[in-house]
Amino acid sequence: MKSLLLSLSILCCLLISQNSIAQKKKTTSTPTVFNPVNRPKNLSDTALLELVQKQTFRYFWDFGHPVSGMARERSNVAFDYGNEVVTTGGTGFGIMAMIVAAERGWVPRDSVSKRLLKMVKFLSKADHYHGIFPHWLNGGTGKIIPFGRKDDGGDLVESSFLFQGLICAKQYFQGQNDTERDLRNRITWIWEEAEWDWYTRGNPDQLFWHWSPNNGWAMNFELRGYNETLITYIMAASSPRYPITAQVYNKCWAQSDHFKNGKEFYGVKLPLGFDFGGPLFFAHYSFLGLDPRNLKDQYADYWEQNLNHTMINYKHCVANPGKFKGYGENSWGLTASDTYDGYNAFSPTNDFGTITPTAALSSFPYAPQQSMKALRHFYDDLGDKIWSEYGFTDAFNESQNWYAKSHLAIDQGPIIVMIENYRTGLLWKLFMSSPDVQNGLKKLNFESPALKTISKN
């Protein structure tokens, strides 16, 4: 089956979806200097969670692009692109992080709303393709930076991550001042102009990841599950003007050789997906806003899916069949990240000893005790090597004596958001309260307590 070049973001899921081993690109530039910072000691669990969220948030607030406000792809210059590249999906995660910051008072609410308004104004003029944004943009000009030779157009999945964040912002900033009204109106305009149905190519049984005005449908990747692209179907079904139908969800997403599973791994049954579950970002990216608690459709209970996926990943690291240094009950978590020789999508079936903090820390809603043990170890024991001005660096491999100096937007964002969902459910409440999202979920025949609550009001 086809093999893809794995770059800096969620295209790694396509590699796995094609049952291929990730081919690694190597960084070619010197990373930014790692700046370890003093770590307060003897913190309570609550205080430590707050510190980790707040410190990680600085990646999006202090390091955001000065012109657009969007999230930079990563903290080091690599992969033959410069400092101007910003990421669409990572920006969506950053928007949700900014909502957390406003709610917790790390920065003033009006400062956050103004930053988001600047971002949305920038997006309204940036390159887009039938209303769908590319994977990367130039953060100063809004022009596309191609993600690959033929990947120079709209990216439906990255855009769904962005819109997930924008919908949350629209629901949160409900104030009647000029800035918040303008923000809501501009989000509505961008959201309603996105032509999700264009990416079916006129076929009600297909949905495609990419389209380019230069290369058309040459990328030719259908969105077939189970992976992190569930949120793409939710957003596409929720569109008020250009929605997809339930037919494409059932005929494309649910029709693949890696959708249903039902087998047990380490004594844990996995309803959907690849054997052993694949990388843990499958349980994070779609569920930053989409509340998995008692979320069900004809295929799965998504709380059970994510909880069991997480526990399989955890138990694999505890069992440590590869005998890697540093694995155990307090050091676990396999997902896509930087590694000692490039970048890879790690999972129990693709394990070379690299632990990625976002994997365990973004799993707090599913495995709070196991995640807290990992957090304590990462902070207390490894902090001198992986704790910096933007929170934890991307990954480490103790067998190779390698500790990343880099940070990636798509790994930083879920840490803040999923810890917040564990603590208060904030982003879940916001996203599920959107009338458009409510309609989309109902269209796809989902069940959720959030839908029942809204229907009674």
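Model, not experiment: these values are computed from the prediction.

Student: How should I be thinking about the pairing of strand β9 (residues 336-339) in this particular structure?
Tutor: For a regular strand, side-chain orientation follows a simple rule: the groups alternate between the two sheet faces. As paired elements, β9 and strand β10 (residues 342-345) share four bridges and run antiparallel to each other. Bridge pairing in β10 links D338 to Y343. Between the end of β9 and the start of β10, which pair antiparallel, lie two residues.

Student: Help me understand the environment of G165, please; the structure alone is not making it clear to me.
Tutor: Its place among the elements puts G165 in helix α5 (residues 156-172). The exposure class of G165 is buried, given its relative accessible area of 0%. Along the backbone, G165 and L427 are 262 residues apart, and their C-alpha atoms lie at a distance of 8.9 Å. The contacts of G165, once residues within four sequence positions are left out, are G92, I95, M96 and I99.

Student: Is there a simple way to explain the packing of helix α3 (residues 88-104) against helix α13 (residues 409-423) in this structure?
Tutor: To describe two helices that pack against each other, one gives the angle between their axes and the distance between the axes. Put simply, α3 and α13 touch, their axes get as near as 8 Å, and they point 40° apart. Comparing the axis directions of α3 and α13 gives the class oblique. α13 is crossed by α3, and the crossing has left-handed handedness. Between α3 and α13, the contacting residues are G90, F93, M96, A97, V100 and R104 on the first element and A409, I410, G413, P414, I416, V417, E420 and R423 on the second. Partitioning the contact of α3 with α13 into residue classes produces nine nonpolar, two polar and three charged.

Student: Teacher, can you tell me more about the side chain of Q305 here?
Tutor: Inspection of the secondary structure puts Q305 in helix α9 (residues 302-319). Taking relative accessible area as the criterion, Q305 reaches 2% and is therefore assigned buried. Look past the residues within four positions of Q305 in its chain and what remains in contact with it is Y226, L270, P271 and L272.

Student: Got a minute to help me understand the environment of T335 in this structure?
Tutor: Tracing the backbone through its elements, the reader meets T335 in the loop between α9 and β9. Here T335 falls in the buried class, since its relative accessible area comes to 3%. Here the alpha-carbon distance between T335 and F281, two residues 54 residues apart in the chain, equals 6.1 Å. Excluding residues within four positions of it along the chain, T335 makes contact with P279, L280, F281, N344, A345, F346, T356, T358 and A359. Among the polar contacts listed, one links the side chain of T335 to the backbone nitrogen of F281, at a separation of 3.1 Å.

Student: Help me out: how do you make sense of the confidence of the model for the protein chain in this one?
Tutor: Caution applies to low-pLDDT parts of the model: their predicted coordinates are not meant to be read in detail. Residues at a pLDDT of 70 or more form 90% of the protein chain, whose mean pLDDT is 91. Note on residues 1-33: pLDDT is under 50 here. Beyond four places in sequence and across chains, it has 99 contacts.

Student: Got a minute to help me understand the packing of α3 against helix α4 (residues 109-125) in this structure?
Tutor: Here α3 crosses α4 at 160°, and the two axes come no closer than 9 Å. Comparing their axes, α4 and α3 come out roughly antiparallel. Like other packed secondary-structure pairs, α3 and α4 cross with a definite hand, here left-handed. Residue-level contacts link T91, I95, M98 and A102 of α3 to R109, V112, R115, L116 and M119 of α4. Across the contact of α3 with α4, the residue classes break down as six nonpolar, one polar and two charged.

The rules behind each value
- Residues numbered from 1 in each chain as written.
- Predicted model: local features only at pLDDT ≥ 70, side-chain atom pairs only at ≥ 80, totals over all residues.
- Heavy atoms only, no water.
- Pairing = 2+ DSSP bridges.
- Helix = DSSP H or I, 4+ residues; strand = E, 2+ residues; numbered from the N terminus.
- Buried < 20%, exposed > 50% of the residue type's maximum accessible area, 1.4 Å probe, protein only.
- Contact = heavy atoms within 4.5 Å.
- Axes fitted to C-alpha atoms, helices over the stretch in contact; angles between N-to-C directions.
- Parallel < 35°, antiparallel > 145°, perpendicular 65-115°, else oblique.
- Left-handed = near helix turned anticlockwise from the far one by under 90°.
- Nonpolar A, V, L, I, M, F, W, Y, C, P; charged D, E, K, R; others polar.
- Polar contact = N/O pair within 3.5 Å; in protein donor to acceptor, adjacent residues only side chain to side chain.
- pLDDT = per-residue confidence, 0-100.

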